[in-house]
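Chain by chain, the residues:
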Amino acid sequence: GPVRVSGDFRVRFDGIFRSATEPPDPPLEHVQNARARYRFRLNFDTDIHPKLSFHGQLATGPLNNPLSTNQDFTSLSVRAPFSLSEAWIEYRPTKSLQLQAGRVLDIFADNSRFLFDDDLRFNGFNERYVASFKPNGAYLSSVELRAGQYFLSTPSVAVVAPNSPLARAGDVVGTTGRSATLFHQGLLANQTFNEKWS
C-alpha cells in the first residue's frame, strides 16, 4: 500500500556496579543500579511524490526524559505512554540535496554521542548537501555540508517584564520576548581507504 509500517520491540537488562573510591581519588559513593527495560516503536513511511516523503514514529518511554524511549520495569502496573517521537517531511530535489522539516534527527547524529544523545529529536529544519568525488579524487570520497535550525522554545511574551526570567537572561525590558533557537552548521570530509577503513 501507500504507507509502509514497520517497528521494533526490545527488552534489555543493564547494570551499573561501582565501588566507592578511597583517597587520593575524589570521594565517590558506591553505585548499584540493575534494571530491566523495554521499548516499542512503530514507524510510518510514505512517498507523497517521487522527491517528497513523510516519516513518523510513535514510541514508548517516559514523558519527562527526551533522551530515552526505554521504559523501566518499575511502577508496578502503570501503563507506558506511547507518544510522537519523530515526524518529518523530506524533500530531495537532487541526489545530493536533502531538506527536512518537523521533529527531526540532529543533522550530525552518527551514534558517537559526541554532541547530543542519539535518541534526542529537535523541532525545526535541517539541510544536507553531499558532493561526491571519483575514487581518490581530491583525496576525498565526499564532502558534506550540513545545517540544522532547531526551535528550543517559543515564549508567548508580548512584553518582557522587569522581573521575568527573560529579563534576567538579558532580554531588554519592554521589548517582545524572543525564542531560543539552535543553529548547528558544519562540514564533514569523508575518505574511504578500502572496504574496512574510512
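That block above? That's the structure.
Rules behind the numbers
Residues numbered from 1 in each chain as written. Predicted model: local features only at pLDDT ≥ 70, side-chain atom pairs only at ≥ 80, totals over all residues. Heavy atoms only, no water. Phe/Tyr/Trp six-rings, centres within 6.5 Å; stacked < 30°, edge-to-face > 60°. Helix = DSSP H or I, 4+ residues; strand = E, 2+ residues; numbered from the N terminus. Buried < 20%, exposed > 50% of the residue type's maximum accessible area, 1.4 Å probe, protein only. 1 Å grid on protein atoms, 1.4 Å probe; cavity = no way out; pocket = protein on both sides within 12 Å on 5 of 7 lines; lining within 4 Å. Points joined across faces, edges and corners; volume = space filled by probe spheres on them. Nonpolar A, V, L, I, M, F, W, Y, C, P; charged D, E, K, R; others polar. Salt bridge = Lys/Arg side-chain N within 4 Å of Asp/Glu carboxyl O.

## So, the packing of aromatic side chains
Then comes step 1: One pass over the full model with this rule turns up four aromatic pairs.
Then comes step 2: Between tyrosine 38 and phenylalanine 73 the ring centres are 5.5 Å apart and the planes differ by 70°, which places this aromatic pair in the edge-to-face class. Note that tyrosine 38 is positioned in strand β2 (residues 31–49) and phenylalanine 73 in the loop between β4 (71–72) and β5 (82–91), a separation of 35 residues in sequence.
Then comes step 3: Assessed through its relative accessible area of 52%, phenylalanine 73 is described here as exposed.

## So, the layout of surface pockets
Then comes step 1: A volume near 280 Å³ is recorded for the largest pocket.
Then comes step 2: Lining the largest pocket are 16 residues, with Asn65, Pro66, Ser83, Leu84 and Arg103 positioned closest to its centre.
Then comes step 3: Elements that contribute at least two residues to the lining of the largest pocket include exactly β3 (52–60) and β5.
Then comes step 4: The element best represented in the lining of the largest pocket is β5, accounting for three residues.
Then comes step 5: Its residues assigned to classes, the lining of the largest pocket comprises six nonpolar, seven polar and three charged.

## Quick notes on the pattern of salt bridges
Then comes step 1: Here the structure, examined in full by the defined rule, presents ten salt bridges.
Then comes step 2: A salt bridge links arginine 4 to aspartate 47; the shortest N-O distance between them is 3.5 Å. One end of the pair, arginine 4, is in strand β1 (residues 3–18); the other, aspartate 47, is in strand β2, with 43 residues separating them in the sequence.
Then comes step 3: You can call arginine 4 partly exposed: its relative accessible area is 42%.
Then comes step 4: A salt bridge links arginine 128 to glutamate 144, with the nearest nitrogen and oxygen atoms 3.7 Å apart. One end of the pair, arginine 128, is in strand β7 (residues 121–132); the other, glutamate 144, is in strand β8 (residues 142–153), with 16 residues separating them in the sequence.
Then comes step 5: What emerges from the salt-bridge pattern is a single network uniting Asp8, Arg39 and Arg41.

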